[in-house]
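This is what each chain is made of:
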Amino acid sequence: MTTKTQAATITKPNETMQIVIVGHVDHGKSTLLGRLYADTGSLPEGKLEKVQAICRQQGKEFEYAFLFDAFLEEQEQGITIDTARTFFNWNGRQYIIIDAPGHKEFLKNMISGAARAEAALLLIDAFEGVKEQSKKHGYLLSLLGVRQVAVVVNKMDLVGYRRDVFDGIEKEYRDYLGQFKVVPQQVIPVSAKLGDNIVARSGHMPWYQGPTVLDTLGFFRKETARAEQPLRFPVQDVYKFDVRRIIAGRITAGRLKVGDRLVFSPSNKVANVKTIEAFNIEPPPTEAQAGQSVGITLDEQIFIERGEIASHQNDIPLVSTAFRANVFWLGRPLERGRKYQLRLATREVDCEVAAIHRIIDTQDLDQRQGGRAVEKNQVAELTLRTKWPIAFDLSASFEATGRFVIVDQYDISGGGIITELVHDEQEFLREEARRRDFAWVKGEVSAEDRAQQYGHRAAIVLLTGGRHTGKSFLARKLEALLVAEGRHAYLLDGENLRRGLDADLAESERSDTTEMARRYGEVARLLIDTGLIVVSTTNPFGAAYRDAAQAIRTLVHPAPVIAVHMSKTEEEPPPNTDLHFSGPQDFDEAARRIIEELKRRGVLAHAIGSKPTFQYSI
């Protein structure tokens, strides 16, 4: 029966906390929960007496585990919930207890975001000690990024409440969890059956001065409310509406208001919020927060596209082409080297598995290192590499932008959470470009003004390939053809840079592809800012043209790069090549195909009516 003290603490909750409880089937999970519900007065009135009476009628000993089963059945009848969840209120907080009898479903729900445990209770049988299953559960929690963990050493009555037994288990298990950087907030000796240290302190273990299980639940901290976190606003789409260009999306974290300066990642574009659009609302809103779907306009027309993430400049997301993740896989085998599509917030990008570090089977939690493929219903620690840089967060910091799904052909076949950024070879150039773009001094003429004036947007056509493949010849022909059509095009020849900008470099420095490409990319970036179509080749970089091309892409991002590969014979072109000419005989035809590609990519205007229109990113 509920006591006055208990009734006073069972108040209307003002927050929820999701707790997952894991442990071997015989280690007393149901007994612990049954005792917890009974001793906190969470059971319906008369439920305890009813279950005890049934036990007497059936001639069997009453167990608190029966209460949990009855409680679960009761809640299932009252509300539609997962069968693995129960809940109770205490001290103004509702605890949602996620039982995890089926690892597969639990893992899938956790990684996909359908459920998210904020803390965990991990049970170990004091009589049996730390078993293999106990270790697997600890690893499972680390895999899911659950950092608030308390270890409950149950059945202390079976070992005579001995402190040395408890101390041995605590040391062994803390050492094990330390491998995964998981530090238990508390290790609690209990007897769920007899109620020792569940709700009230035990008189059998005076040597233990720590909190009870119920106290420990109260010590678990909620994550910061979404609206109070740094801004994350993934761009869903960009609409042209009368004279306005409205950027639409759902704010997943933080707040924004009119006048805020936003950074869009990974493009590094920066602008201020001019208005927050709303339909039939007067006066129009001046701010919005997490959970709201909004449309905003900016104080200048910048070319951003779906998939970018807006943030404030002092707390931007990570950007890379590689990251480490825990992936739950449901489809045909996930193989290294095969192409997949990754969806993160509103961003879709091609990706592949660069490395498989560890695989765990969800049926028996068996683990193995490495491998070539991840089978159905397995969880794996992977390194994923994307075709283009993407903005993201670690899942421990931001749930929505730290989680993704993987599409195999047309099916969503897996999901994952990001655990670590992997530094790629372009990182320092990306950082340089980001710092440069944040501080870029702009004139009065916008990129859109230049595009309308010139009849095209700025871009770079970069011809790659080995020696004597006709790159320079085709580049000159293309420049001439574009200018003849009235386009503003310019041939950027590396030889001119070598004799001018690079003249101060020693001979040894001129063999440094990274520095040479950095200078080259910065010059191209300046020319692009003038609205030009820059035509160039990788001739200055010789055999290192693939690395140089990637560096130039990074420095001019997000301007369009049309990559054209030239070769004498059939060969594999560099990644992200748009056109490949093998031993071309007709250079006029090759130049026309490049111009068609410029139109297809929305660089060259399509004349509609009296004014040209531009495809840009909208």
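Everything below is about the structure shown above.
Asker: Sorry, what's going on with the packing of helix α14 (residues 513–529) against helix α15 (residues 545–556) here?
Answerer: A pair of packed helices is captured by two measures, namely the crossing angle of their axes and the spacing between those axes. One way to put it is that α14 packs onto α15 with a least axis distance of 8 Å and a crossing angle of 40°. Taken together, the axes of α14 and α15 lie oblique to each other. The way α14 lies across α15 gives a crossing that is right-handed. Contacts between α14 and α15 involve T513, A517, R518, Y520, G521, E522, A524, R525 and I528 from the first element and A548, A551, I552, L555 and V556 from the second. Here the residues of the contact of α14 with α15 are counted per class, giving nine nonpolar, two polar and three charged.

Asker: Looking at this structure, how should I read the packing of aromatic side chains?
Answerer: Aromatic ring pairs are reported here in terms of the distance separating the ring centres and the angle at which the planes meet. As enumerated under the stated definition, the model contains 11 aromatic pairs in all. Each ring, one from F62 and one from Y64, has its centre 5.1 Å from the other, and the planes form 70°; the classification is edge-to-face. Y64 sits in the buried class, given a relative accessible area of 17%. Considering the side-chain rings of F323 and F404, the 5.6 Å spacing of their centres and the 55° angle between planes classify their relative orientation as tilted. Of this pair, F323 sits in strand β15 (residues 318–329) while F404 sits in strand β22 (residues 403–408), and the two are 81 residues apart along the sequence. Classification of F404 as buried rests on a relative accessible area of 2%. Put simply, the rings of Y37, F88 and Y95 pair up and form one aromatic cluster. Over the aromatic face of F398 sits the side chain of R232, whose NZ or CZ is 4.3 Å from the ring centroid. One residue, R525, lies across the ring of W440, its end atom 4.0 Å from the ring centre.

Asker: Quick question: what am I supposed to make of the environment of P184 here?
Answerer: By the element assignment, P184 lies in the loop between α7 (163–178) and β6 (186–189). On the basis of relative accessibility, which here comes to 5%, the residue P184 falls in the buried class. Residues P184 and V151 lie 33 residues apart in sequence; the distance between their C-alpha atoms is 6.6 Å.

Asker: For this particular structure, what's the right way to read the pairing of strand β8 (residues 244–250)?
Answerer: Side-chain direction in a regular strand flips from residue to residue, so the side chains alternate between the two faces of the sheet. Burial runs high along β8: five of the seven residues are buried. Where strand β7 (residues 233–241) meets β8, six bridges bridge the pair, whose relative direction is antiparallel. Bridge assignment links V238 to a residue of β8, and that residue is I247. Inspection of the sheet shows β8 paired to strand β13 (residues 293–298) by four bridges, in the antiparallel sense. Across the sheet, the residue bridging to I247 is I296, located in β13.

Asker: For this particular structure, what's the right way to read the sheet that holds strand β10 (residues 261–265)?
Answerer: Sheet strands associate in pairs through backbone hydrogen bonding, adopting either a parallel or an antiparallel arrangement. Taken in spatial order, the six strands of this closed barrel run β7-β8-β13-β11-β10-β14, and their pairing is antiparallel. This sheet shows a mean twist of 50° between the axes of neighbouring strands, independent of strand direction.

Asker: What is the right way to look at the pattern of salt bridges in this model?
Answerer: When the charged atoms of two side chains lie near each other, side chains of opposite charge can form a pair. Per the counting criterion, the structure on display carries 39 salt bridges. Note that K222 and E118 form a salt bridge whose closest N and O atoms lie 2.8 Å from each other. Note that K222 is positioned in the loop between α8 (213–219) and β7 and E118 in the loop between α5 (103–112) and β4 (119–125), a separation of 104 residues in sequence. The exposure class of K222 is partly exposed, given its relative accessible area of 30%. Given the relative accessible area of 15%, E118 is considered buried. Measuring nitrogen to oxygen at the nearest pair gives 2.8 Å for the salt bridge that ties E515 to R519. With E515 and R519 both in helix α14, this residue pair falls four residues apart, about one helical turn.

Asker: Before we go on, may I ask you to explain the side chain of D260 in this structure?
Answerer: Residue placement: D260 occurs in the loop between β9 (255–257) and β10. A residue is classified by how much of its surface remains accessible, and D260, at 9% relative accessible area, is buried. Within the structure, the side chain of D260 is placed 3.0 Å from the backbone nitrogen of K257, a separation counted as a polar contact. At 2.9 Å, the side chain of D260 forms a polar contact with the side chain of H312.

Asker: Help me out: how do you make sense of the nonpolar core in this one?
Answerer: Soluble globular proteins tend to bury their nonpolar side chains together. By size, the foremost hydrophobic cluster in this structure holds 66 residues, and its most contacted members are I19, F88, L121 and L217. Leaving out residues up to four positions away in the same chain, L217 has contacts with I19, L36, F88, R93, Y95 and L121.

Asker: Even after reading the chapter, I still don't get the sheet that holds strand β26 (residues 533–537), so can you show me in this structure?
Answerer: With parallel pairing, the five strands of this open sheet are ordered in space as β25-β26-β24-β27-β28. Of all strands in the sheet, those with a lone pairing partner are β25 (489–492) and β28 (579–582), marking the two edges. Ignoring which end each strand starts from, the neighbouring axes of this sheet average 20° apart. Strands β24 (459–465), β25 and β26 of the sheet are contacted by α14, whose axis makes an angle of about 170° with β25. The strands touched by α15 within the sheet are β24 and β27 (561–567), with β24 carrying the most contacts at an inclination of about 170°.

Basis of the calculations
- Throughout, residues of each chain are indexed from 1 in the direction in which the sequence is written.
- Local features are withheld for residues below a pLDDT of 70 in this predicted model, meaning they are given only at 70 or higher, and side-chain atom pairs are given and counted only at 80 or more; totals for whole chains, interfaces and linings count all residues.
- Only hydrogens and water are set aside; all other atoms, that is, all heavy atoms of the structure, feed into the side-chain values.
- To get an axis, a line is fitted to the C-alpha atoms, and for a helix only the part in contact is used. The angle between two axes follows their N-to-C directions and goes from 0 to 180 degrees.
- The helix and strand labels rest on DSSP assignments: H or I over at least four residues marks a helix, E over at least two residues marks a strand, and numbering proceeds from the N terminus.
- Between 65 and 115 degrees an angle is taken as roughly perpendicular, under 35 as roughly parallel, over 145 as roughly antiparallel, and anywhere else as oblique.
- When the near helix sits turned anticlockwise from the far one by under a right angle, the crossing is termed left-handed; a clockwise turn instead gives a right-handed crossing.
- Residues count as neighbours in contact if any of their non-hydrogen atoms are within 4.5 Å of one another.
- Each residue is assigned to one class: nonpolar for Ala, Val, Leu, Ile, Met, Phe, Trp, Tyr, Cys and Pro, charged for Asp, Glu, Lys and Arg, and polar for all the others, Gly among them.
- Centre distance within 6.5 Å is the pairing criterion for rings of Phe, Tyr and Trp, where only the six-membered ring of Trp is used; planes under 30 degrees apart are then read as stacked, over 60 as edge-to-face, and the remainder as tilted.
- Accessibility here uses a 1.4 Å probe with only protein chains present; expressed as a share of the type maximum, an area under 20% marks a residue as buried, one over 50% as exposed, and anything in between as partly exposed.
- Here, a charge over a ring is recorded when the distance from Lys NZ or Arg CZ to the ring centre is within 6 Å and its angle to the ring normal is within 35 degrees.
- Being paired, for any two strands, means DSSP has found at least two bridges between them.
- Salt-bridge detection follows one rule: a side-chain nitrogen of Lys or Arg within 4 Å of a carboxyl oxygen of Asp or Glu.
- Here a polar contact is recorded for every N or O atom pair within 3.5 Å, except that within protein the pair must consist of a potential hydrogen donor and a potential acceptor, and residues adjacent in sequence are included only if both atoms are side-chain atoms.
- Here the nonpolar core consists of buried residues drawn from Ala, Val, Leu, Ile, Met, Phe, Trp, Tyr and Cys, with membership extended through side-chain atoms lying within 4.5 Å.

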